[in-house]
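Now for the letters of each chain:
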Amino acid sequence: PSTLGGQHRQIMRSGVQDQPGQYVQVRASFVYIFIHLFLVLENLGQTIIPDLGSLESQHDFRTPEFEEFNGKSDSLFFNDGQRRIDFVLVYEDESRKETSKKGTNEKQRRKRQAYESNLICHGLQLEATRSVLDDKLVFVKVHAPWEVLCTYAEIMHIKLPLKPNDLKNRSSAFGTLNWFTKVLSVDESIIKPEQEFFTAPFEKNRMNDFYIVDRDAFFNPATRSRIVYFILSRVKYQLINNVSKFGINRLVNSGIYKAAFPLHDCKFRRQSEDPSCPNERYLLYREWAHPRSIYKKQPLDLIRKYYGEKIGIYFAWLGYYTQMLLLAAIVGVACFLYGYLNQDNCTWSKEVCHPDIGGKIIMCPQCDRLCPFWKLNITCESSKKLCIFDSFGTLVFAVFMGVWVTLFLEFWKRRQAELEYEWDTVELQQEEQARPEYEARCTHVVINEITQEEERIPFTAWGKCIRITLCASAVFFWILLIIASVIGIIVYRLSVFIVFSAKLPKNVNGTDPIQKYLTPQTATSITASIISFIIIMILNTIYEKVAIMITNFELPRTQTDYENSLTMKMFLFQFVNYYSSCFYIAFFKGKFVGYPGDPVYWLGKYRNEECDPGGCLLELTTQLTIIMGGKAIWNNIQEVLLPWIMNLIGRFHRVSGSEKITPRWEQDYHLQPMGKLGLFYEYLEMIIQFGFVTLFVASFPLAPLLALVNNILEIRVDAWKLTTQFRRLVPEKAQDIGAWQPIMQGIAILAVVTNAMIIAFTSDMIPRLVYYWSFSVPPYGDHTSYTMEGYINNTLSIFKVADFKNKSKGNPYSELGNHTTCRYRDFRYPPGHPQEYKHNIYYWHVIAAKLAFIIVMEHIIYSVKFFISYAIPDVSKRTKSKIQREKYLTQKLLHENHLKDMTKNMGVIAERMIEAVDNNLRPKLE
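These numbers were taken from a predicted model, which means no experiment stands behind them.

## Some details on the overall build of the chain
Each helix and strand in the chain was counted, giving 29 helices and 19 strands. Within the span of the chain, comprising 926 residues, buried residues form 52% of the whole.

## Side note on unusual backbone geometry
With an omega dihedral of 10 degrees, the bond running from Pro778 to Pro779 counts as a cis peptide bond. Assignment of secondary structure puts Pro779 in the loop between α25 (765–775) and α26 (791–795). In this structure, Asn279 is a non-glycine residue whose phi angle is positive, near 55 degrees. For Leu555, which is not a glycine, the phi torsion comes out positive at approximately 60 degrees.

## A closer look at a nonpolar patch on the surface
On the surface, a nonpolar cluster with roughly 700 Å² of combined accessible area is contributed by Ile633, Ile637, Leu641, Trp644, Ile645, Met646, Leu648 and Ile649. In this fold, Ile633 is placed in helix α20 (residues 617–653).

## Some details on the state of the cysteines
Throughout the structure, instances matching the rule amount to three disulfides. There is a disulfide in this structure between Cys346 and Cys387, and the S-S distance comes to 2.2 Å. Disulfide Cys346 to Cys387: torsion about the S-S bond roughly -70 degrees, handedness left-handed. Taken together, the residues Cys346 in the loop between α10 (309–341) and α11 (347–353) and Cys387 in helix α12 (residues 380–389) connect sequence positions 41 residues apart.

## Things to note about the packing of aromatic side chains
In total, this model carries 60 aromatic pairs according to the counting rule given. Measuring from ring centre to ring centre gives 6.1 Å for Phe575 and Phe583, while their planes differ by 45 degrees; the resulting arrangement is tilted. With a centroid separation of 5.6 Å and an interplanar angle of 70 degrees, the aromatic rings of Tyr771 and Tyr791 are classed as edge-to-face. Residue Tyr771 is found in helix α25, and its partner Tyr791 is found in helix α26; the two are separated by 20 residues along the sequence. On the basis of relative accessibility, which here comes to 2%, the residue Tyr771 falls in the buried class. Of the residues examined, Tyr791 reaches a relative accessible area of 2% and is grouped as buried. Taking the ring centre of Tyr91 as reference, the NZ or CZ of Arg112 above it sits at 3.7 Å. Lying across the ring of Tyr306, Arg728 places its NZ or CZ 3.7 Å from the centre.

## Structural notes on the sheet that holds strand β9 (residues 259–261)
Spatially, β1-β3-β4-β2-β9 is the arrangement adopted by the five strands of the open sheet, whose pairing is mixed. The sheet is open, and its two borders are formed by β1 (65–66) and β9, each paired with just one other strand. Strand direction decides the pairing type here: strand β2 (residues 87–92) and strand β4 (residues 137–143), joined by six bridges, are antiparallel. Its bridge partner lying in β4, Tyr91 is registered against Val138. Sheet contacts for helix α6 (residues 221–232): β2 and β4; angle to β2, the most-contacted strand, approximately 45 degrees.

## Quick word on helix α19 (residues 559–587)
Its 29 residues place the ends of α19 39 Å apart at the C-alpha level, agreeing with the 42 Å of an ideal helix rising 1.5 Å per residue. Remark: the principal bend of α19, roughly 50 degrees, maps to Tyr579. Among the 29 residues of α19, 24 are classified as buried, and the element is accordingly described as predominantly covered.

## So, α25
Where α25 is concerned, the buried positions are Met765, Ile766, Pro767, Arg768, Val770, Tyr771 and Phe775. In this structure, the buried side of α25 is in contact with α11, α13 (392–422), α24 (740–762), α26 and α28 (841–871).

## Remarks on the nonpolar core
Formed by 166 residues in total, the largest nonpolar core has its most connected members in Trp317 and Phe692. When residues of this core are sorted by domain, at least three fall in each of domain 1 (65–288) and domain 2 (307–428 + 667–875). When neighbours within four sequence positions are excluded, Phe692 is seen to be in contact with Tyr578, Tyr579, Cys582, Leu624, Ile627, Met628 and Val697. With 42 residues, the next largest nonpolar core counts Tyr152, Leu162, Phe202 and Val730 among its residues.

## Some points on the confidence of the model for the chain
Overall, the predicted model of the chain reaches an average pLDDT of 80, with 81% of residues at or above 70. Contacts of residues 1–54 to residues separated by more than four positions or lying in other chains number 60 contacts, the stretch itself having pLDDT below 50. Confidence over residues 807–814 falls short of pLDDT 50; this stretch has 18 contacts with residues more than four positions distant or in other chains.

## Structural notes on the packing of α10 against helix α23 (residues 703–725)
Following both chains from N to C, one finds α10 and α23 inclined at 155 degrees, their axes separated by 7 Å at the closest point. By the angle between their directions, the pair α10 and α23 is classed as roughly antiparallel. Here the hand of the crossing between α10 and α23 comes out left-handed. Judged by residue contacts, Ile311, Tyr314, Phe315, Leu318, Gly319, Tyr321, Thr322, Leu325, Leu326, Ala328, Ala329 and Val333 of α10 engage Pro704, Leu705, Ala707, Leu708, Asn711, Ile712, Glu714, Ile715, Asp718, Ala719 and Leu722 from α23. Split into classes, the residues belonging to the contact of α10 with α23 amount to 18 nonpolar, three polar and two charged.

## With respect to the packing of α10 against helix α22 (residues 678–695)
Two numbers describe how α10 lies on α22: the axes approach to 11 Å, and their chain directions differ by 20 degrees. Considering their axes alone, α10 and α22 lie roughly parallel with respect to each other. The way α10 lies across α22 gives a crossing that is left-handed. Residues Lys310, Ile311, Ile313, Tyr314, Trp317, Leu318, Tyr321 and Leu325 of α10 lie in contact with α22, whose contacting residues are Leu679, Glu682, Tyr683, Met686, Ile687, Gln689, Phe690 and Val693. Each residue belonging to the contact of α10 with α22 can be placed in one class, and the counts come to 13 nonpolar, one polar and two charged.

## Examining the side chain of Glu619
Looking at the element boundaries, Glu619 is found in helix α20. Here Lys589 takes part through its side chain, which lies 2.2 Å from a polar atom of the side chain of Glu619. If near-sequence neighbours (up to four positions away) are discounted, Glu619 is found in contact with Arg493, Ser525, Ile585 and Lys589.

## Regarding the pairing of β2
Of all six residues that make up β2, five are buried, and the element is covered over most of its length. With three bridges connecting them, β2 and β9 associate as antiparallel partners. The residue bridging Val88 from the neighbouring strand is Phe261, located in β9.

## Remarks on the side chain of Gln623
By the secondary structure assignment, Gln623 is in helix α20. Residue classification places Gln623 among the buried positions, given a relative accessible area of 0%. Beyond its immediate stretch of four places on either side in the chain, Gln623 contacts Arg493, Ser529, Ser532, Ser581, Cys582 and Ile585.

Calculation rules
- Residues numbered from 1 in each chain as written.
- Predicted model: local features only at pLDDT ≥ 70, side-chain atom pairs only at ≥ 80, totals over all residues.
- Heavy atoms only, no water.
- Helix = DSSP H or I, 4+ residues; strand = E, 2+ residues; numbered from the N terminus.
- Buried < 20%, exposed > 50% of the residue type's maximum accessible area, 1.4 Å probe, protein only.
- Patch = residues over 30% accessible without salt bridge, like charges linked within 9 Å, V, L, I, M, F, W, Y side chains within 5 Å.
- Areas by Shrake-Rupley, 256 points an atom, 1.4 Å probe, with all protein chains shown as cover.
- Salt bridge = Lys/Arg side-chain N within 4 Å of Asp/Glu carboxyl O.
- Disulfide = S-S within 2.5 Å.
- Phe/Tyr/Trp six-rings, centres within 6.5 Å; stacked < 30°, edge-to-face > 60°.
- Lys NZ or Arg CZ within 6 Å of the ring centre and 35° of its normal.
- Pairing = 2+ DSSP bridges.
- Contact = heavy atoms within 4.5 Å.
- Axes fitted to C-alpha atoms, helices over the stretch in contact; angles between N-to-C directions.
- Expected span 1.5 Å × (residues − 1).
- Bend = angle between axes of the 7 residues up to and from the residue.
- Core = buried A, V, L, I, M, F, W, Y, C linked by side-chain atoms within 4.5 Å.
- Domains from an automatic or database assignment.
- pLDDT = per-residue confidence, 0-100.
- Parallel < 35°, antiparallel > 145°, perpendicular 65-115°, else oblique.
- Left-handed = near helix turned anticlockwise from the far one by under 90°.
- Nonpolar A, V, L, I, M, F, W, Y, C, P; charged D, E, K, R; others polar.
- Polar contact = N/O pair within 3.5 Å; in protein donor to acceptor, adjacent residues only side chain to side chain.

What follows is the structure in structure tokens.
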């Protein structure tokens, strides 16, 4: 009304001061104001939001009705059998607590009574029932009547059905990429397809325009629970110094309530005895979570209907990602088999293993004082394994994955656009409400630049800058902490390598299979990878709590903003935590070692570690395998065993009362709570895996296959966990996968660079190609045709033992005899040359070829990526038609019909007001 009054005064001034030609505009403005004012008053007359009611300091509390359990274990209703239970609150009766803190108990009781009284004042209906197994527990069942549902549906801008969809049944735009046949689909006779509707934001004064066949079914259980949770999160219970405390989350965290959750509709192993129960939990377990359904498609519409759009979009994304991994896994396995079948043709590996070549090449010590001279052929087995991964197939696979990740992201956008329309989340950002924690801190008054009205915000611009600075500093500190741990692992590698070099055997004994594989390099790599994994998991546990504290201090406005902010912080940390060791092995290890006569030292003490003669690619593969495998095992232990064990312990403690019939709400209470960020960790797990699959796939072509197997199990494990081990989650809206989408796009762009650099700098593919095409034949080589023979001898430089510095000259190991020279991995001139120990011409050819390869590969893949992104629209033509059709129907059914009704009812009043305006303004204008 204040806004309308301001417009009225402005128009009155315009009517007096402006020219007479603008008189028609003045009349039209008055008509508009009158119509708009009439609508507002009409809405106020129908939309009655109850007062806050009594707070904790008052005494006239309104208490819920206490009823005894009626013995119906499957009932989802109050004892009258009519009012549906939309939410359950659980508390421990203070009068029966075995504690001496009577004052504290009394304060908690009064806060709870004030809260429940205010819930009743907001129109909710409560019924309390004592626990069957533990008489100290009280379950407060919450029911939202029709009027409350309608009121808050309008406040929350919930979209509800207008009329059945008159377009043809949807056909997937991804039929060409759908590898599942109809046989693998969910049986439609068991889970019936959901009827599609055109929808619009609900308005009470236009209720007749909506498709209301049955009031009890108009709001489905998920929507009812969402509305009730919205109320529970905003109702006050205490007022101290003009600061309100409110919300069920704070009450649960403070122990006043022990739990708050919506109900599952039945047991997961059998159907409910109540004929009105839809048995959706049972259907989800049977057709989605059960191991025998592992080959079937996911019933996404039923998942969304039961758990809400946020859970549904996660499983839709995970399922689509898993489908796309099938193609990547097939190509990866083909490249792996190509390398495996051609390893016998690997000439350079044969030279390493040959007793007259690799057996006679004496390698220089790789550390000071304790490390011995060693023969090249002790790396025979690792060189054979390296031939499998460091082959031409790896190059083809790296290029393919650069294209694959773009196809996946672009086609997912299309699929996501379909789900946005089908699940009514197209305009979600416009309807999302502020978080109650944000609203509680809004104490500063500012003028909105758009509406020019006063609004409240939690802090000023200066305060916001301070918060952002502090949050960024905290995140940066933790990233530095991770880098420090990586440096610690490097120091461990350098220290332990000396020990392994001194203790492990120096000669290969063909009768001992362990000696062939357990080289100092291998032992150091495996132990360092295991320690790195343990440190990663410890830092993860600590940083999760820190990231939540930082995000809470930052105070984002909406839940989507909160999750996006937390996502970016967590992923930035996890990116450094998980991938730093891989980046070190791929791009730093063995790159800055100098040469035996002038090695490079870390911290002036530790000699920088070197790669195997075949490069660090095999070590990178080992690191990836340990981290990916260990992470998958650890996550499954956390996700499956922990909740199962906790529920098992709970059942063991309740075994004394197991013969009693327990109600639905008590059965759900003894399940495990999911937590607000439970789904966040599922996303994080998959995105970290996505990074391993794309960023370092050039070193491990089997990564997509491992990810595919893991994800097939992950879908069903997550489904089993949600339907059997956890309480039902509060349904939430979600338009897309949030900040994870730009994170994946960033990973996809970075993956092109990392894979190109792995092939160029980590593998030996480029040096081998340079040797084959340039240095195996004249003028640099002695062979008459292109060949790989002599590659090992050509790529190992010669060092004169007499040129060792004092640190390593007195080497105590002499088992391999006295030698005047040894070999090392580099491209340098031999001793006695005018430029001894300087980089030779081969080195500069290799560097030029590596840089040229990176530039060419990046430009080719980026060009293909950008072309694909441009050629594939984010929203399919079919989806656009549906959206336009819905907008047309919304305008026709709501605006035009309402305008006709309003014009019919208000025609006489509007004409009288226009006449009054004419009589008052015409003399003044004349």
